[in-house]
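Structural description and commentary
Residues per chain, in single letters:
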Protein chains: 4
Amino acid sequence: MINVGIIGATGYAGAELVRLLIGHPEAKIVAMSSVTYEGKKLSEVFPNFEGITDELLTDMDTVVEKSQVVFASLPHGLSEPIARKCYDKGALFIDLGADFRLHDEADYQKWYKLDYKDPELHEKAVYSLCELCRDKIKEAKIIGNPGCYPTSISLGLYPLLKAGVVRTNSVIIDSKSGVTGAGRGLTLGTHYPECNEAISAYKVASHRHTPEIEQMLSEIAGEKVTITFVPHLLPVNRGILSTIYVDLTKDISAEEIRKLYTDAYANEKFVRVLPEGTFANIRNVRCSNYCDISIHPDPRTGRVIITSAIDNMVKGAAGQAIQNMNIVLGFAEDCGLNMVPNIF
Amino acid sequence: MINVGIIGATGYAGAELVRLLIGHPEAKIVAMSSVTYEGKKLSEVFPNFEGITDELLTDMDTVVEKSQVVFASLPHGLSEPIARKCYDKGALFIDLGADFRLHDEADYQKWYKLDYKDPELHEKAVYSLCELCRDKIKEAKIIGNPGCYPTSISLGLYPLLKAGVVRTNSVIIDSKSGVTGAGRGLTLGTHYPECNEAISAYKVASHRHTPEIEQMLSEIAGEKVTITFVPHLLPVNRGILSTIYVDLTKDISAEEIRKLYTDAYANEKFVRVLPEGTFANIRNVRCSNYCDISIHPDPRTGRVIITSAIDNMVKGAAGQAIQNMNIVLGFAEDCGLNMVPNIF
Amino acid sequence: MINVGIIGATGYAGAELVRLLIGHPEAKIVAMSSVTYEGKKLSEVFPNFEGITDELLTDMDTVVEKSQVVFASLPHGLSEPIARKCYDKGALFIDLGADFRLHDEADYQKWYKLDYKDPELHEKAVYSLCELCRDKIKEAKIIGNPGCYPTSISLGLYPLLKAGVVRTNSVIIDSKSGVTGAGRGLTLGTHYPECNEAISAYKVASHRHTPEIEQMLSEIAGEKVTITFVPHLLPVNRGILSTIYVDLTKDISAEEIRKLYTDAYANEKFVRVLPEGTFANIRNVRCSNYCDISIHPDPRTGRVIITSAIDNMVKGAAGQAIQNMNIVLGFAEDCGLNMVPNIF
Amino acid sequence: MINVGIIGATGYAGAELVRLLIGHPEAKIVAMSSVTYEGKKLSEVFPNFEGITDELLTDMDTVVEKSQVVFASLPHGLSEPIARKCYDKGALFIDLGADFRLHDEADYQKWYKLDYKDPELHEKAVYSLCELCRDKIKEAKIIGNPGCYPTSISLGLYPLLKAGVVRTNSVIIDSKSGVTGAGRGLTLGTHYPECNEAISAYKVASHRHTPEIEQMLSEIAGEKVTITFVPHLLPVNRGILSTIYVDLTKDISAEEIRKLYTDAYANEKFVRVLPEGTFANIRNVRCSNYCDISIHPDPRTGRVIITSAIDNMVKGAAGQAIQNMNIVLGFAEDCGLNMVPNIF
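In this report, the structure presented in the accompanying data block is examined. (Residues numbered from 1 in each chain as written. Chains lettered and ligands numbered in written order. Predicted model: local features only at pLDDT ≥ 70, side-chain atom pairs only at ≥ 80, totals over all residues. Heavy atoms only, no water.)

Scanning chain A for helices and strands turns up twelve helices and 13 strands. The globule rule puts the C-alpha radius of gyration for 344 residues at 20 Å, and the 20 Å found for chain A is close to it. The principal-axis extents of the C-alpha atoms in chain A amount to approximately 60 × 45 × 40 Å. Looking at chain A residue by residue over its 344 residues, the buried ones come to 67%. The contacts of chain A with a sequence gap of at least 6 include a subset with a gap of at least 24, amounting to 71%. Computed over 35 positive and 43 negative side-chain charges, the separation of the two mean positions in chain A equals 2 Å. (Helix = DSSP H or I, 4+ residues; strand = E, 2+ residues; numbered from the N terminus. Rg over C-alpha atoms; globule rule 2.2 N^0.38 Å. Buried < 20%, exposed > 50% of the residue type's maximum accessible area, 1.4 Å probe, protein only. Contact = heavy atoms within 4.5 Å. Lys, Arg positive; Asp, Glu negative; His and termini not counted. Charge placed at Lys NZ, Arg CZ, Asp CG, Glu CD.)

All names here are of chain C. The seven strands lie next to each other as 8-9-7-10-13-12-11, forming an open sheet whose pairing is mixed. Bordering the open sheet on either side are strand 8 (200-201) and strand 11 (271-273), each of which pairs with just one other strand. Across eight bridges, the pairing between strand 10 (residues 240-247) and strand 13 (residues 303-310) is antiparallel. Counterpart to T243 in the pairing with strand 13 is T307. (Pairing = 2+ DSSP bridges.)

Let's shift gears to the interface of chain A and chain B. The interface is formed by 51 residues belonging to chain A together with 51 residues belonging to chain B. Buried surface at the junction of chain A and chain B, both sides included, amounts to about 3,900 Å², of which 55% is carbon and sulfur. Its largest share of buried area at the contact with chain B, chain A owes to E197, I199 and R300 of chain A, together 18% of the area lost on that side. With its nearest N and O atoms 2.5 Å apart, the salt bridge here joins E214 of chain A to R300 of chain B. (Buried area = accessible area lost by both parts, 1.4 Å probe. Salt bridge = Lys/Arg side-chain N within 4 Å of Asp/Glu carboxyl O.)

For the rest of this paragraph, the subject is the side chain of E197 of chain A. Summarising the element assignment, E197 of chain A is placed in the loop between helix 9 (192-195) and strand 8 (200-201). Here E197 of chain A occupies a buried position and makes no salt bridge, while the nearest side chain of opposite charge, R286 of chain B, is found at 5.4 Å. Side-chain polar atoms of E197 of chain A contact the backbone nitrogen of N237 of chain B, separated by 2.9 Å. Other than its neighbours up to four places away in sequence, E197 of chain A contacts P235 of chain A, P235, V236, N237, R238, I282, R283 and R286 of chain B together with Y192, N196 and E197 of chain D. (Polar contact = N/O pair within 3.5 Å; in protein donor to acceptor, adjacent residues only side chain to side chain.)

A word on the nonpolar core. Within the largest apolar cluster, 110 residues are counted, with the highest numbers of intra-cluster contacts made by L21, F71 and M325 of chain A together with L21, F71 and M325 of chain B. With 109 residues, the next largest nonpolar core counts L20 and L274 of chain C together with I199 and V285 of chain D among its residues. (Core = buried A, V, L, I, M, F, W, Y, C linked by side-chain atoms within 4.5 Å.)

Turning our eyes to something else, we now look at the side chain of S33 of chain B. On the secondary structure map, S33 of chain B appears in strand 2 (residues 27-33). Other than its neighbours up to four places away in sequence, S33 of chain B contacts I6, I7, G8, A9, L57, T58, D59, M60 and V63 of chain B.

Further remarks concern the interface of chain D and chain B. Between chain D and chain B, the contact holds 21 residues from the first and 21 residues from the second. Of the roughly 1,800 Å² buried where chain D meets chain B, counting both sides, 56% is carbon and sulfur surface. Three residues stand out in chain D for area buried against chain B, namely L186, H191 and Y192 of chain D, and they jointly supply 38% of the buried area on that side. Between chain D and chain B we count two salt bridges in total.

Expressed as a screw transformation, the operator carrying chain D onto chain B has a rotation angle of 180° and an axial translation of 0.0 Å, and the superposed copies differ by an RMSD of 0.0 Å. Interpreted geometrically, this transformation is the action of a two-fold axis. (Least-squares fit on C-alpha atoms with pLDDT ≥ 70 in both.)

The next thing to look at is the relation of the copies chain A and chain B. Between chain A and chain B, which share one sequence, the superposing operator has a rotation angle of 180° and an axial displacement of 0.0 Å; the RMSD is 0.0 Å. Looking at chain A, 100% of its interface residues are interface residues in chain B too, so the copies touch through the same face.

Here the phi dihedral of K203 of chain A falls at roughly 40°; this positive angle occurs in a residue that is not glycine. Looking at where K203 of chain A falls in the secondary structure, it is placed in the loop between strand 8 and helix 10 (209-221). One non-glycine residue, A205 of chain B, adopts positive backbone phi at about 55°.

Before going further, it helps to examine the packing of helix 8 (residues 148-162) of chain C against helix 11 (residues 254-264) of chain C. Residues and elements named next belong to chain C. In the contact formed by helix 8 and helix 11, the axes pass within 9 Å of each other and the chain directions differ by 115°. With respect to helix 11, the element helix 8 is oriented roughly perpendicular. For the element pair helix 8 and helix 11, the recorded crossing hand is right-handed. Within the contact between the two elements, helix 8 uses G156, L157, Y158, P159 and L160 and helix 11 uses I257, L260, Y261 and A264. Here the contact of helix 8 with helix 11 is composed, by residue class, of eight nonpolar, one polar and no charged. (Axes fitted to C-alpha atoms, helices over the stretch in contact; angles between N-to-C directions. Parallel < 35°, antiparallel > 145°, perpendicular 65-115°, else oblique. Left-handed = near helix turned anticlockwise from the far one by under 90°. Nonpolar A, V, L, I, M, F, W, Y, C, P; charged D, E, K, R; others polar.)

Here we come to the packing of aromatic side chains. In total, this model carries 38 aromatic pairs over all chains according to the counting rule given. Between Y192 of chain B and Y192 of chain D the ring centres are 5.3 Å apart and the planes differ by 10°, which places this aromatic pair in the stacked class. Highlighted residues: Y192 of chain B in helix 9 (residues 192-195) and Y192 of chain D in helix 9 (residues 192-195), drawn from two different chains. Of the residues examined, Y192 of chain D reaches a relative accessible area of 1% and is grouped as buried. On the numbers, 5.1 Å between centres and 45° between planes, the contact of Y108 of chain D with Y116 of chain D is tilted. The buried category is assigned to Y108 of chain D, whose relative accessible area is 3%. (Phe/Tyr/Trp six-rings, centres within 6.5 Å; stacked < 30°, edge-to-face > 60°.)

It is worth spelling out a positive patch on the surface at this point. Taken together, the side chains of K110, K113, K203 and R208 of chain A define a basic patch exposed on the protein surface. Position of K113 of chain A relative to the elements: it lies in the loop between helix 5 (105-112) and helix 6 (119-124). (Patch = residues over 30% accessible without salt bridge, like charges linked within 9 Å, V, L, I, M, F, W, Y side chains within 5 Å. Areas by Shrake-Rupley, 256 points an atom, 1.4 Å probe, with all protein chains shown as cover.)

Applying the stated rule across the entire model yields 97 salt bridges over all chains. For R283 of chain B, the salt bridge goes to E194 of chain A, with nearest N and O atoms at 3.4 Å. Taken as a pair, R283 of chain B in the loop between strand 11 (271-273) and strand 12 (291-298) and E194 of chain A in helix 9 lie in two separate chains rather than in one. Residue classification places R283 of chain B among the buried positions, given a relative accessible area of 6%. Beyond isolated ion pairs, a larger network of salt bridges with shared partners links R84, D88, D118, E120 and K124 of chain A.

As structure tokens, this is what we get:
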């Protein structure tokens, strides 16, 4: 059994990590920290854990000290010193925040308005969207776990981009996210009567996940991909649906497009290419690590529309972080992640 | 007072017509019909009307006979004979269904798989999205009331298309509709546990509103506009949000774009061009006849993103039908339509 | 036209007052205040008002100064000085808060932990649940507008209590309230992912509306009524459903019970005694001033169950406040309150 | 590994059985039947199973033939012949329907309007709410799995009734159920726009679970218990909250009451007596087999209020059925049931 610790256990992603790791057969949670609730039981903050875990919430240093694997789910700008401590002691550090996702510090400065304080650390960090990056992380000690939007989008576009059939400046992505994506911090926009029975776009063409998405897509395509990305806040708890519009560079049949997807994901347990005539829906992946993808050619315009659904808290955060741990530690990649989605 | 009648009063659009017309100071409901519930009181079907209207539901012919204005909210293919009767007796017929929306019978045949049985009638019919078509309907006797998606989209694109700055084959529209848009007929997809906490696209690039949208947009642009249109089913009762993506044909500043909108809608009570930095949201127009539009240039890609929000049951159906009646009959255009949106 | 002002216009009840008063044919809003948003436009806080009211939010004194009728929607403990100013200048003051609801200062001290600072004022104040108290307020200058729970419960029990057939220590009330009832202040319990797909009781047998309910019920019964009252937070925006359980003191038939209700409310526009076999539902009264009541005898136990539904923001707050104004000023009681509920 | 089969796999309880049994380490699903969807893959009906189970849906006889344990989730009146076949072949039959819940055929006739066709079978059947009946089922071959409401209510009342401190004709139960409780059959009442943003009671004091609840409570109390039971339909997918009101027969302190509960459930993994000052909430038990109970004395009236929350699909149906199987077959009682509730 591996000793794992969670920093930021009382945010949504942190609490989801705890929930999933409790069921992981190879991992044992040895410490959890929370700045706000230090000294309390996790079940006082999230009563679903009543009688399941009575561990007291502690501080970050204690987590680092006790753990062989440290997961951190923190606002951006706070992960570096923890990563450094983990690195120095030889623990695996998996960051669910944004600090180790971008290769280029200039992007980080531009979108997050911060500098790297420990640049050397970032050279050691590996960004890992598991299905697309697993070969790079076998030896990794610091992992940048992808954002929720980038996960749904990169998996949705990978086969087409890889095949080189996408006009790379044509990609438009309209994403819809459940409210847990906004975190547990109180805001008017997430106050129940303000977001129930509502929908709007937000941070139109200016969301911080944009450079991360473009970085991953460009890497796949082997050339610069520029996107228009518009997220929307959806009145559901969990889930992201990304509707992706692309122009093709060549005439390619619906069957050929489908084959690109089924071939690309033939051996991927967690990516399901849906049968023709069906539509990816967040309910079909709820509480699971799956990414569902449906493919819709539009012969009238020569475009292809892809819809991609994940659970933002699982494949979009905690589940993928565990999947990354499994890869690095040599466990079965689906170890502890065999949840069947609860469709209702 | 004008005598008005409603055919199909027990569907959602029909019931909304009743609700709004009860408050209309110049109209008096004299008859309502329902095939399924004939002989019952409307309040037995929709208990909100308890004590408000005790009128028994009757048949179509009775409605036509008693009314000076007939509103019909029926599945496609059923409006022609009623329109004929109204026309012959000199009553104004306003069709909330699809039968009088398309100019070209070929489009109707292709998308609705039906022929016109009374083609002459269609020559007399006028499609009227009020803000864009009001000049054409002063003498009209048969009005094709627009669909909900086309209303939100056409109003959202009008100023840009009119100005000739849109690449007309670049228009991509991602719409999200509340469940009332699917009607009151029972289906698995609208069974509560199947659409609550869910979202998916449906009829991707193949929705029947597509030719109606292209017809209106092409008319505005003065050239053929081809769109990609993808609707989504949203877990809310009411509202449509359309997120519209366009490429521009020329370099035009954010201010100039905004001016196109504020100029175009300067005198339109029901179209609100939202302040910079805010986002159209279905909750802000709920139960009202407003269309809210927000404008979002994307300088990184040279695109503009427009989001447009309406209440699908009001501006997208019953409210606009009443607005059309007001125009034809010479009432104030907002007569009976001064509802302030209930934001919560 | 009467000049009216709203203090606390940016809370939910205050904003609902604005929404309803805009449509009131005899009232004109001359001033609105907000401590938090003073100096802003109301539409910056609630964008549904965009283009409808451009009035800047001001301070309390300005509201009092300009208005013939002042509505206040404030946390308890803040209304006295405003009431005093209104009283001294001869304006009608209608308090939607709790400060003028309880007859006995001891109750106020016990449940609200505050003393009266201006006790004389309270002697002049009249509590008015319109249907039950309208005769007392003709000359009133200070009105305590009832709480939402007390309104639904008192109307639900009035006919039975009045008839003297209720065992007065047997009354159990299980109420379910929409989230707007908790106000616009941010709390974890009203953060979307925490109250969506959830239900629990809260303040079990200890809610502050308890003494107000007992006061009204005792007054009706002519003897002390002691209740068990348990509120629940319901994942909807609007509405209160109260399910009320009573033991009867005598054998009385279902028909006789029904007759007590239909007689008591025969002339009450806003109270609808529902047909046998139907059930009060918050959706049927949404956005309206109605109170729907359904009656369910339980012959197996000798109990009667009453369910009573209101819109907490209208009949439970802003609507009833306007109804009270109408009564005092001699307008038709339903003036400005003829909204047909929007059932979907 | 035990071979298990599911009859009625495409209803909600059936599909939940499949979902849970897939993760059961000692059971292997060998057959699933559906009258409506026979010959299709389960994933065509519930796409969450895509790529997880490709088994074709078959008929009932095949399920019985292949299985050592047969779970049936059918409308009442259909279980007897299947139970007979299982019994004759020596398979364990666990009925999630109502046919083997009532001891007295007269109750079944009165509430379900049907006779027993195979009365001998009912003598062999054992009703088993696991925590209260596990000792009786060790040798059972036919198990009547409890209804969802009875489970939440019986667990909520057991300690008080067992202690003999409840006035047995005073019990009032106000339950709120998620929409999955109404099943997957299409009805207007479960059409999204009709039950979203809504709440009402239904089958007031006449729900079919009433005799089952009274049977269990009377058995615990050792005397006839008569209840008033009022269910409500709640706009959430899953969960039942029962708010239970009882009069006490003797003066007993809050601490003593709490001790009755903590003692009664000290060794029960799936029943959590919540800390003082907290409230049972369906979100805290979602997708788990827990029953959460909170205790609220009302000193003003001498009553006690208990709130009890379960997931209607798990502890109220499929989870408890598996728990019953575990008991009979000698597996650990929580085998396959260690799901941590997903609170958001």
